[in-house]
Amino acid sequence: MRCVSYTRTTSCKRKNSIPSDIIQQQNRHIQDYIQSHGWKLVAKYSDRKKDDNENAAFESMTLDGINRNFDIVIVDSLDRCGKYISCAEDVLVKTFFPAGLHFAVVQDDFCSIGKSREDIEEYFKKEKTEILVSSMRENTVREQIEGYYTVHDEKYGYILSEDRKELLVEEEAANIVREIFQMVLDEIPVKKIADIMNERGIESPVVHNARVGHKHWPDYDSKWSEGSVRRILSCTAYDGYWKKMINGELCTVQITPILEQGVFEKVTKLINSRTTTKNAAGGKPGPFVKKIIDAETGKPLYLRNFRSGESAFVFDPKINALPKSKRTFIKLEDVTQTVKNAIRLEMDIAEKMQCYLETEKAQQLLQREIQQYSEKAWMIFREMEQEEKDRIPLYESFRDKKIGESEYQEKKEEIQNQLQMYEMDFQNLMDRLENVKKAYSKENEWLKTFQRVEIPEELELQHVKKWVEKIVVSDFREVHVYLTMQKWKNYFPDEWLEG
């Protein structure tokens, strides 16, 4: 078997730096691979310049292959096989393979010998998707580091500048923000503020951002709610900064404030003072405060510690004695025991799942999931690629005066909006993929939360907060416990959880 090698300094993957010995590294990997197969190296081709467009050796290798000067070409990785992965595909798959010439990629331990055309096309499809995802992620990180904002950074009261270097104050919404903070200082309850906004017909933040912002939104008809007001009241951007993840690090980003200095701090203290839990009438609120509700009415149940020494959950927080009817209360000890049993059972399941994740079957399922996400990502990329191509004939029509400027600008904006939609879909897809990978690792939040530990005899607030989402009591008899972190548990097949 007559083998040749191809090496390259630059990569089609974006990289901040190139190792000084990158060619030597590739040669060493390729030589080890050839020796392990008992083949003979007859020639080397290498594009050594630090120039992305350098391709002389690649073209020479292509010509020699067409002339049958070798039987197989060995490369260390596909990202260093020509200027782009599409170049590698054109030569290796579409030119060499049909002519009976083979190729091998050392890092992936992939060799075309004995493979079908479908096998090779599937391999390239997977590699192209991974390179695309890597490139887009690196591009996003680079832009973040260079200080660029995206449409996802736009907040109520701010709008993205044309060069994406700033978030500019958008006065229409900024005036509403200032008014909301002033209402809180005037002792108006948060829920009442939401009602006032709706009564006055003020656009909710979602509707307003859909109208004036750069981010593409579906048609919304949402209203102001207590939650939307509280999100505004907790947004530090209005005070001149906010926390943002940049390249895996939590950074403080400075921004033009909307509020006068000191207003945000005053409002925050005022809200915190209003929400302090006070339950002097019933003694200590207990570990299940704000967690336990009645199934039929959805209303909260209150813990009462009676002078008799008994503790029970009831509807009325002001009663002074345990009710005579058992249909109007449930004892604290009964709720506590049910909660403990639910937590122990969840720890059993989590322990079993931890063992499952170490099996080959689990890793195979994970790889199938990754492959499905990769295919979806590739489909989005192809759609984006087509939209980008549509820009060229549109511009040519405008240049040749076949369409006017207004029509050109309108269609150009349509293409840009569509690209933003694809960008959002791609980012959401990548976020879900990261969650899948996390779910099948030791970083799974459910596995970490329900790792086997000794459950304390007396549950305290921090224990309930860690393990319990809510407790629903039916007819003061049945207790249904809903535990935390179930999102991370739901990535696993039902049969694994039940088996």
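Our subject is the structure that appears above.
Counting starts from 1 at the beginning of each chain's written sequence and moves along it residue by residue. pLDDT decides what is reported in this predicted model: residues at 70 or higher carry local features, side-chain atom pairs at 80 or more are listed and counted, and totals for whole chains, interfaces and linings draw on all residues regardless. Side-chain metrics in this entry use all non-hydrogen atoms of the structure; hydrogen atoms and water are not considered.

Caption draft 1: Examining the overall build of the protein chain more closely. Looking only at helices and strands, the protein chain has 16 helices and 15 strands in total. For the radius of gyration, the atoms used are the C-alpha atoms, and the globule rule reads 2.2 Å times the number of residues raised to 0.38. For 499 residues, the compact-globule formula gives about 23 Å, and the C-alpha radius of gyration of the protein chain, at 31 Å, lies well above that figure. Seen along its three principal axes, the alpha-carbon backbone of the protein chain occupies a region of about 100 × 60 × 40 Å. Working rule for contacts: check all heavy atoms of both residues, and any pair within 4.5 Å makes them a contact. Within the protein chain, counting contacts between residues at least 6 apart in sequence, those at least 24 apart form 63% of the total. Here the Shrake-Rupley method, with its probe set to 1.4 Å, supplies the accessible areas, and only the displayed protein chains count as covering residues. As displayed, the protein chain has an accessible area near 28,800 Å², and 48% of this comes from carbon and sulfur atoms. When charges are counted, neither His nor the chain ends are considered; positive counts come from Lys and Arg and negative counts from Asp and Glu. We put the charge of a Lys on NZ, of an Arg on CZ, of an Asp on CG and of a Glu on CD. Side chains of the protein chain carry 77 positive and 86 negative charges; the gap between the two charge centres is 4 Å. Each helix is a run of DSSP H or I of at least 4 residues and each strand a run of E of at least 2, with the numbering of both proceeding from the N terminus.

Caption draft 2: Molecular detail of the pattern of salt bridges. A side-chain nitrogen of Lys or Arg and a carboxyl oxygen of Asp or Glu constitute a salt bridge if their distance falls within 4 Å. Enumeration according to the criterion identifies 24 salt bridges in this entry. Across the pair Glu171 and Arg178 runs a salt bridge whose closest N-O atoms are separated by 3.2 Å. A salt bridge links Asp195 to Lys191, with the shortest nitrogen-to-oxygen separation between them at 3.8 Å. Within this pair, Asp195 and its partner Lys191 are both found in helix α6 (residues 190-199), separated by four residues, close to a single helical turn. Per-residue accessibility, obtained with a 1.4 Å probe over protein chains only, is compared with the maximum for each type, and a residue is labelled buried under 20%, exposed over 50%, and partly exposed between these values. A relative accessible area of 30% places Asp195 in the partly exposed class. Taking relative accessible area as the criterion, Lys191 reaches 48% and is therefore assigned partly exposed. Sharing partners across several salt bridges, the network here consists of Lys438, Glu443, Glu445 and Lys448.

Caption draft 3: Just the packing of helix α5 (residues 171-185) against helix α8 (residues 226-233), in detail. Orientation of α5 relative to α8, taken along the N-to-C sense of each, is 95 degrees, at an axis distance of 10 Å. By the angle class used here, α5 and α8 are roughly perpendicular. Between α5, through Val177, Ile180, Phe181 and Val184, and α8, the contact on the second element is made entirely by Val229, Ile232 and Leu233. In terms of residue class, the contact of α5 with α8 is built from seven nonpolar, no polar and no charged. The angle between two axes is taken between their N-to-C directions and runs from 0 to 180 degrees, where each axis is a line fitted to C-alpha atoms and a helix contributes only its stretch in contact. Between 65 and 115 degrees an angle is taken as roughly perpendicular, under 35 as roughly parallel, over 145 as roughly antiparallel, and anywhere else as oblique. Under the convention adopted here, Pro, Cys and the residues Ala, Val, Leu, Ile, Met, Phe, Trp and Tyr are nonpolar, Asp, Glu, Lys and Arg are charged, and Gly plus all remaining residues are polar.

Caption draft 4: Looking closely at helix α7 (residues 205-212). Inspection of α7 places Pro205, Val207, His208 and Asn209 among the buried residues, and these make up the whole buried set. Of the surrounding secondary structure, the elements contacted by the buried residues of α7 are α5 and α8.

Take it as geometry only, folks, not as evidence of what the structure does.
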